[in-house]
Amino acid sequence: MSNFRIIPKIEVKRFNLVKGINLEGIRVLGNPKTFIKEYEKNLADEILIEDVMASLLDYIIEPKLINEVVSTSSTALSVGGGINSLKKADLVFSAGADRVVLCSSIVKNLCLLTKIKEKYGSQSLGVKLEIYAPYDKIEYFTYLNGREIFHIDPNDFIEKILDRGIGEIHINSIDRDGTGKGINLQVLDYLRNNISIPLIYSGGVSNINDIEILQNMGIDGVAIASSLHYGLLNRNIYNVKEEKIFFVRTNKTDDIGNKEWLINGYGKDNSSNLDLLDLKMIKKKLTTGRK
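Residues numbered from 1 in each chain as written. Predicted model: local features only at pLDDT ≥ 70, side-chain atom pairs only at ≥ 80, totals over all residues. Heavy atoms only, no water.

**Student:** Outline the overall build of the protein chain, supporting the account with residue identities and numerical values.
**Tutor:** Check the secondary structure of the protein chain and you find 12 helices and 14 strands. In the protein chain, which comprises 291 residues, the proportion classed as buried is 55%. The long-range fraction of contacts in the protein chain, counting pairs at least 24 apart against all pairs at least 6 apart in sequence, stands at 69%. Of the accessible surface of the protein chain, which amounts to about 12700 Å², a share of 47% is contributed by carbon and sulfur atoms. (Helix = DSSP H or I, 4+ residues; strand = E, 2+ residues; numbered from the N terminus. Buried < 20%, exposed > 50% of the residue type's maximum accessible area, 1.4 Å probe, protein only. Contact = heavy atoms within 4.5 Å. Areas by Shrake-Rupley, 256 points an atom, 1.4 Å probe, with all protein chains shown as cover.)

**Student:** I'd like a description of the side chain of S73, backed by residues and values.
**Tutor:** Assignment of secondary structure puts S73 in the loop between α3 (63–71) and β5 (77–80). Here E40 takes part through its side chain, which lies 3.1 Å from a polar atom of the side chain of S73. (Polar contact = N/O pair within 3.5 Å; in protein donor to acceptor, adjacent residues only side chain to side chain.)

**Student:** Could you give me a rundown of helix α7 (residues 185–194), with the residues and numbers involved?
**Tutor:** If you check which residues of α7 are buried, you get V187, L188, L191 and R192. For α7, the angular spread of the buried residues around the axis is 125°, confining them to a single face. Where the residues of α7 are buried, they touch β7 (125–132), α6 (154–162), β10 (168–173), β11 (199–202) and α8 (208–216). N-capping of α7 is provided by N184, with a side-chain oxygen placed 3.3 Å from the backbone N of V187. (Arc of directions from axis to C-beta.)

**Student:** Pulling in residues and values, what's your account of the side chain of R99?
**Tutor:** Inspection of the secondary structure puts R99 in strand β6 (residues 99–102). Looking at R99, its side chain comes within polar contact range of the side chain of S78, at 3.0 Å. Once residues within four sequence positions are removed from consideration, R99 is found in contact with R5, E46, L77, S78, V79, F93, Q123, S124, L125, G126 and E168.

**Student:** Tell me about a negative patch on the surface, and please be specific about residues and values.
**Tutor:** Side chains of D153, D156, E159 and D163 sit close together on the surface and give a patch of like negative charge. By the secondary structure assignment, E159 is in helix α6. (Patch = residues over 30% accessible without salt bridge, like charges linked within 9 Å, V, L, I, M, F, W, Y side chains within 5 Å. Salt bridge = Lys/Arg side-chain N within 4 Å of Asp/Glu carboxyl O. Lys, Arg positive; Asp, Glu negative; His and termini not counted. Charge placed at Lys NZ, Arg CZ, Asp CG, Glu CD.)

**Student:** Residue-level account of the packing of α3 against helix α4 (residues 86–95), with values.
**Tutor:** It is at 8 Å that the axes of α3 and α4 come closest, and there the two elements cross at 25°. Judged on the interaxial angle alone, α4 and α3 are roughly parallel. For α3 against α4, the interelement crossing comes out right-handed. Where α3 approaches α4, its residues P63, I66, N67 and V70 are matched on the opposing element by L91, V92 and A95. Its residues assigned to classes, the contact of α3 with α4 shows 6 nonpolar, 1 polar and no charged. (Axes fitted to C-alpha atoms, helices over the stretch in contact; angles between N-to-C directions. Parallel < 35°, antiparallel > 145°, perpendicular 65-115°, else oblique. Left-handed = near helix turned anticlockwise from the far one by under 90°. Nonpolar A, V, L, I, M, F, W, Y, C, P; charged D, E, K, R; others polar.)

**Student:** Explain unusual backbone geometry to me, and be specific about the residues and the numbers.
**Tutor:** Comment: phi is negative for the bulk of residues other than glycine, and the bulk of peptide bonds are trans. Even without a glycine there, the phi angle at L43 is positive, about 70°. In this structure, L43 sits in the loop between α1 (32–41) and β4 (47–51). Within the chain, D58 stands out as a residue other than glycine whose phi angle is a positive 60°. Tracing the sequence through the fold places D58 in the loop between α2 (54–57) and α3. Among the residues examined, D58 registers a relative accessible area of 58% and is labelled exposed.

**Student:** Lay out the packing of aromatic side chains in plain terms, naming residues and giving numbers.
**Tutor:** Using the criterion set out here, one finds 2 aromatic pairs in the structure. With 6.4 Å between their ring centres and 55° between their planes, F35 and Y39 make a pair best called tilted. With F35 and Y39 both in helix α1, this residue pair falls 4 residues apart, about one helical turn. Accessibility expressed as a relative area gives 0% for Y39, which makes it buried. Measuring from ring centre to ring centre gives 4.0 Å for F93 and Y120, while their planes differ by 25°; the resulting arrangement is stacked. You can see F93 sitting in helix α4 and its partner Y120 sitting in helix α5 (residues 111–120), a full 27 residues away along the chain. (Phe/Tyr/Trp six-rings, centres within 6.5 Å; stacked < 30°, edge-to-face > 60°.)

This is the structure in structure tokens:
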């Protein structure tokens, strides 16, 4: 798929880049703008910024942060976090977002999707589904960053949001989130067969095989957080000889924050691991069939 997107996922709490595992144990990693600058330099197809605590604590993702990112970036920007009204969507779009991605707000207010679509168009609107599927079978959806269970039949809910004319759906596998344990194939099979619009997957992606599987399944893109932030993408069976570029995070831990976490196990440079530019080059090979 020539339009397959590789999307660094920037999870924030206010102005800090954070990351958890299974949506728990959130750690501060540093300044999100530092990471975004490197990801853009390494040819990210798009940037996804989500304030993971905004809906839970009832505030909106910082428009100032969005504006600061947009002022130094030309990469398409999707934004989520606390957008529970058309007025708040207006603030996010005015700050420079290209797309809003809603999750918690639509649980009780599907009409918000219609309002945003009518004003900004389907291409500017996405929905994130937080899926808990520990045994490769969808058990339930959650919202408020995994704090609340949404008891509804998956087929019914997907049909309802598709009827609102949204542009794309983001799938976040909670049981794989931040673990690097690989993608959830059965869930993706199920969803791909029931969703006709672009589908973006995140959760557990750790190597190039995962990327190739997603492309071959017809998934439209992948949003990656931990494996990019910590430099854990594994080359696996591929032998890529292109020049290696280490992100600033591995060289200037003082600038990134949380030094102990980065240094002890995650922050070590490893020549067998990939960065985003490597991944983009391999994606091109997978798409074109070139060796």
